[in-house]
Amino acid sequence: MQIKSLFKVSAIACALTLVGCGGDIKITPTVNDNSTNTDNSVNNSNNTTNPGTTDPVECASYQTDAGTVEGIYDGLDCLYNDSFASKNIQITANLTFDELPDGGIHVFEDALLIGEDGRTDDGFEVPTNGPTMTVKPGATLAFTSGEAIVRIARGAKIQAVGTAEKPITFTSAFAFDRHDLEGKGAQYADWGGIIINGNGLTNQCTNAQRAGGTCNVASEGITSYFGGNDNQDSSGKIKWAKIWYAGSGPRVGGEGDDLNSLTLNAVGSGSLFDYIHIHQGFDDGIEFFGGAANIKHIVVTDTQDDAIDIDAGWQGNAQFLYIQHGTVTTRDGATAYMGNNGFETDGEKNSGPDYSDVPASFPTIANVTVITTDGASVRDEDPSQAHKFDDAIKTNYYNALAIKADATNGTECIEFKSDGLENAAEITFNNSVLACAAEFKDPTQMPAGMSVEQWYENGGVNIRVGGDADVLSTDGFSTNSSSTAITISANNLSDLDNSFFDSVDFIGAVSDKDSSSAWYQWVEAAVAAANND
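All values derive from a computational prediction rather than experimental measurement. (Residues numbered from 1 in each chain as written. Predicted model: local features only at pLDDT ≥ 70, side-chain atom pairs only at ≥ 80, totals over all residues. Heavy atoms only, no water.)

(A) Structural context of the overall build of the chain. Scanning the chain from terminus to terminus reveals four helices and 34 strands. Relative to its 533 residues, the chain shows a buried fraction of 59%. When contacts within the chain are restricted to residue pairs at least 6 apart in sequence, those whose partners lie at least 24 apart make up 75%. Accessible area of the chain: about 20400 Å², with a carbon and sulfur share of 44%. (Helix = DSSP H or I, 4+ residues; strand = E, 2+ residues; numbered from the N terminus. Buried < 20%, exposed > 50% of the residue type's maximum accessible area, 1.4 Å probe, protein only. Contact = heavy atoms within 4.5 Å. Areas by Shrake-Rupley, 256 points an atom, 1.4 Å probe, with all protein chains shown as cover.)

Listed below in structure tokens is the structure:
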């Protein structure tokens, strides 16, 4: 055993006993108990006193009938064990996480469930004003277990709004040496990710269930319930935030029953998701199951499955999405390819007269860059692609740029599944560029018997320029405004909803003429972090 690891094990023994180890370990009382004893001790590898902090530090706390439940401050971090939050505790009071001084973080060993969850067909009533989880700018929440998720129930809210200077971070505790007992470093699937359950529409429920208030769809991964009748519902905000090393492999339901980095289950348009960087997730970056939530300024790097997964009748909007597939070094030293699809788009879970009130997914998506590889994802050996269309999907893309520089190993940019052709006439690209060494998985399987040229090029509205075209600037992520390969102009989006879509003069997610903007700098920092990981 290395001396470093031996020291960490000794430190954890000190934390368990809290006495007899010498030094000056300080533990803040955890529960101001009015009626009963609540044990909130937490195992931690680096309980140390930080002499630079003189002001008192208060960890997050909430009220119960038993009293105040509070995290433990160890001199640097706030620690929350399964007496504070777990899969068996639903927190129904407001909860706030502040930025901690001197690089301190909030550490969780189990699930953090905000709001009460239940089935309305069993008598449960969704609260109209449930609790709010607030995360302040600069705060970091770190998790030690694949079972540790953040789940926001129907009626509850998350208000995690950072700033450009002080983003919020949700990440693996193993990203911090003092919590990495084995020295293995952070990696995908270290924790479960964020699940937000809304009251929006999803075609996973019948018309009768929605009308009767009994729409209760079980979420993937770890069961909770979502769905309702309100596509304008608000589940809160996540803005200026990083979600790293999240997700999980198949759960009890088998393949496909996974945890994503951010799952938006029937979340309504009253919510806000803006300036988010998702990195190295096990499953999807963001997955929509119905609802009408909008997303903007999103970066997804090196997630194993799909960057954006659309399903069950999502009717939202999206603008400025930068997606990059790449490789990571696993804990055993191997190089692993990350990324299946930039967009996996599914229109519906169910169809027919009983589900007619919720149409197939039909989002509008503008200013996209998807950079694929020629590898197969370590997750399931599926190829890296830009778009996959399935299950009667409908979509309008504007100013999209798809890139595949190499297709030696037989990967392509676009795939139509058989059901994806059902509404293919309503899958449109506008002012878009396909810069791919191999373009279509099956060029003979095109909408309504059209040729590739007829469907994608659309009379010259879009262009195909090949995998060696000079479409990116020297920074490797923004669109090259001087490119001689891009011979079409951007759509200024004036015909779209100007309450959401910003007017633009460039194709792709980021313009090289915009290097002083907050968006350019957000992508620049995200790409640098991903390339160094």
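(B) Spotlight on the pattern of salt bridges. Applying the stated criterion across every chain yields a total of 19 salt bridges. Here Asp274 ties to Lys239 by a salt bridge, and the two come within 3.9 Å at their closest N and O atoms. Of this pair, Asp274 sits in strand β20 (residues 272–279) while Lys239 sits in strand β18 (residues 236–244); the two residues are 35 residues apart in sequence, bridging distant segments of the chain. By relative accessible area, Asp274 is classed as buried at 8%. Relative accessible area serves as the criterion here: at 23%, Lys239 is assigned to the partly exposed category. Among the salt bridges present, the one from Asp305 reaches Arg379, with a minimum N-O distance of 3.6 Å. Remark: Arg379 occurs in the loop between β28 (364–371) and β29 (385–390) and Asp305 occurs in the loop between β22 (295–301) and β23 (308–311); sequence separation between them is 74 residues. (Salt bridge = Lys/Arg side-chain N within 4 Å of Asp/Glu carboxyl O.)

(C) Representation of the state of the cysteines in the model. Per the stated rule, a full pass over the model turns up three disulfides. Here Cys205 connects covalently by a disulfide to Cys215, the sulfurs 2.1 Å from one another. When the S-S torsion is 85°, as for the bridge of Cys205 with Cys215, the disulfide is right-handed. Taken as a pair, Cys205 in the loop between β15 (193–197) and α2 (207–211) and Cys215 in the loop between α2 and β16 (217–218) lie far apart in primary sequence, 10 residues in all. Paired through a disulfide, Cys413 and Cys436 show a sulfur-sulfur distance of 2.0 Å. As the torsion about the S-S bond is roughly -85°, the Cys413-Cys436 disulfide counts as left-handed. Note that Cys413 is positioned in the loop between β30 (395–404) and β31 (414–416) and Cys436 in strand β33 (residues 433–436), a separation of 23 residues in sequence. Take Cys413 and Cys436: they sit in the same class, and that class is buried. (Disulfide = S-S within 2.5 Å.)

(D) Local environment of empty space enclosed by the protein. Going through the model one piece at a time under the given rule, you end up with one cavity of 30 Å³ or more. Reported here for the largest cavity is a volume of approximately 30 Å³. Lining the largest cavity are Ile195, Ser219, Glu220, Asp258, Leu259, Asn260, Thr263 and Asn265. Of the residues assigned to the lining of the largest cavity, the class counts are two nonpolar, four polar and two charged. (1 Å grid on protein atoms, 1.4 Å probe; cavity = no way out; pocket = protein on both sides within 12 Å on 5 of 7 lines; lining within 4 Å. Points joined across faces, edges and corners; volume = space filled by probe spheres on them. Nonpolar A, V, L, I, M, F, W, Y, C, P; charged D, E, K, R; others polar.)

(E) Quick peek at the confidence of the model for the chain. Summary statistics for the chain give a mean pLDDT of 89 and a share of 88% for residues scoring 70 or more. Low pLDDT, under 50, characterises residues 1–51; the predicted model gives this stretch 94 contacts beyond four residues in sequence or across chains. (pLDDT = per-residue confidence, 0-100.)

(F) A look at the layout of surface pockets. Taken as a whole, the largest pocket spans an internal volume of roughly 440 Å³. Contributing to the lining of the largest pocket are 27 residues, with Asp305, Asp306, Glu344, Arg379 and Lys388 lying nearest its centre. Of all the secondary structure elements, the ones that give two or more residues to the lining of the largest pocket are β23, β27 (341–346) and β29. The residue inventory of the lining of the largest pocket, partitioned by class, reads one nonpolar, four polar and 22 charged.

(G) Highlighting helix α4 (residues 518–531). Taking 1.5 Å per residue, 14 residues should reach 20 Å; α4 reaches 20 Å between its end C-alpha atoms and fits that length. Residues of α4 that are buried include every one of Trp519, Tyr520, Trp522, Val523, Ala526, Val527 and Ala530, and no others. For α4, the buried positions fall inside an angular range of 160° around the axis, keeping them on one side. Buried positions along α4 lie against β18, β20, β22 and β24 (317–324). (Expected span 1.5 Å × (residues − 1). Arc of directions from axis to C-beta.)

(H) Region of interest: the sheet that holds β15. With parallel pairing, the 10 strands of this open sheet are ordered in space as β6-β9-β12-β15-β19-β21-β23-β27-β29-β31. This sheet does not close on itself; its edge strands, each paired only once, are β6 (90–91) and β31. Note: strand β19 (residues 262–265) against strand β21 (residues 286–289), four bridges, orientation parallel. By the bridge assignment for β21, Asn265 is matched with Phe289. (Pairing = 2+ DSSP bridges.)

(I) Here's a closer look at the environment of Asn531. Structurally, Asn531 is set in helix α4. Sequence separation between Asn531 and Gly326 is 205 residues, and the spatial gap between their C-alpha atoms is 8.2 Å. A distance of 3.1 Å separates the side chain of Asn531 from the side chain of Gln324, its partner in a polar contact. (Polar contact = N/O pair within 3.5 Å; in protein donor to acceptor, adjacent residues only side chain to side chain.)

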